[in-house]
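Results of the structural survey
Residue-level listing of the chains:
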Amino acid sequence: IAATNSDLFLSHIGSAAFDLNRRNFRGWQLIHIAAECGSEFAFEHLLQRGADINSMTEPHGLSPLSIAVTRGDFEFVDFLCTWVSSSLIWLTCVW
């Protein structure tokens, strides 16, 4: 049975050696990339592993919410707001 992209993603972020806070060459973490792609699946699993929903990109200081709003992805913004309201945490949006 071939592994799906979802299976591969989960096996990588589930690894004890995987660093959720690692940044790429743009200063973004996986949580920012998931927001840019509008991937609810990836975003939710990253949050469940402990990623910070209010993490800011370096050096521009963009939160996952501000990335989604800037992209005009209001379905993803709605997903974020729904996830947050059920989790009793605050979202940060920087303009």
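A quick note: this is a predicted structure, and the numbers were derived from the prediction, not measured.

With respect to the side chain of His32
Among the secondary structure elements, His32 is positioned in helix H2 (residues 30–37). Of the polar contacts made by the side chain of His32, one reaches the backbone oxygen of Ser55; its length is 2.7 Å.

Concerning the nonpolar core
One finds Phe43, Ile53, Phe76 and Leu80 to be the most contacted residues of the largest nonpolar core, which totals 20 residues. Broken down by secondary-structure element, the contributors of at least two residues to this core are H2, helix H3 (40–48), helix H4 (64–71) and helix H5 (74–87). Excluding residues within four positions of it along the chain, Phe76 makes contact with Ala34, Ala35, Gly38, Ser39, Glu40, Phe43 and Ala68.

Things to note about the pattern of salt bridges
Using the criterion set out here, one finds three salt bridges in the structure. As a salt-bridge pair, Arg23 and Glu58 come within 3.3 Å of each other at their nearest N and O atoms. Here Arg23, found in the loop between helix H1 (5–13) and H2, pairs with Glu58, found in the loop between H3 and H4; they are 35 residues apart in sequence, far enough to count as distant. A relative accessible area of 27% places Arg23 in the partly exposed class. When its relative accessible area of 45% is taken as the criterion, Glu58 is described as partly exposed. Residue Arg26 is joined to Glu36 by a salt bridge in which the shortest nitrogen-to-oxygen separation is 3.4 Å. With Arg26 in the loop between H1 and H2 and Glu36 in helix H2, this pair connects stretches of sequence that are ten residues apart. Taking relative accessible area as the criterion, Arg26 reaches 35% and is therefore assigned partly exposed. Glu36 gets classed as partly exposed once you look at its relative accessible area, which sits at 29%.

About the criteria used
Residues numbered from 1 in each chain as written. Predicted model: local features only at pLDDT ≥ 70, side-chain atom pairs only at ≥ 80, totals over all residues. Heavy atoms only, no water. Helix = DSSP H or I, 4+ residues; strand = E, 2+ residues; numbered from the N terminus. Polar contact = N/O pair within 3.5 Å; in protein donor to acceptor, adjacent residues only side chain to side chain. Core = buried A, V, L, I, M, F, W, Y, C linked by side-chain atoms within 4.5 Å. Buried < 20%, exposed > 50% of the residue type's maximum accessible area, 1.4 Å probe, protein only. Contact = heavy atoms within 4.5 Å. Salt bridge = Lys/Arg side-chain N within 4 Å of Asp/Glu carboxyl O.

Function-wise, these values are silent; they only describe arrangement.
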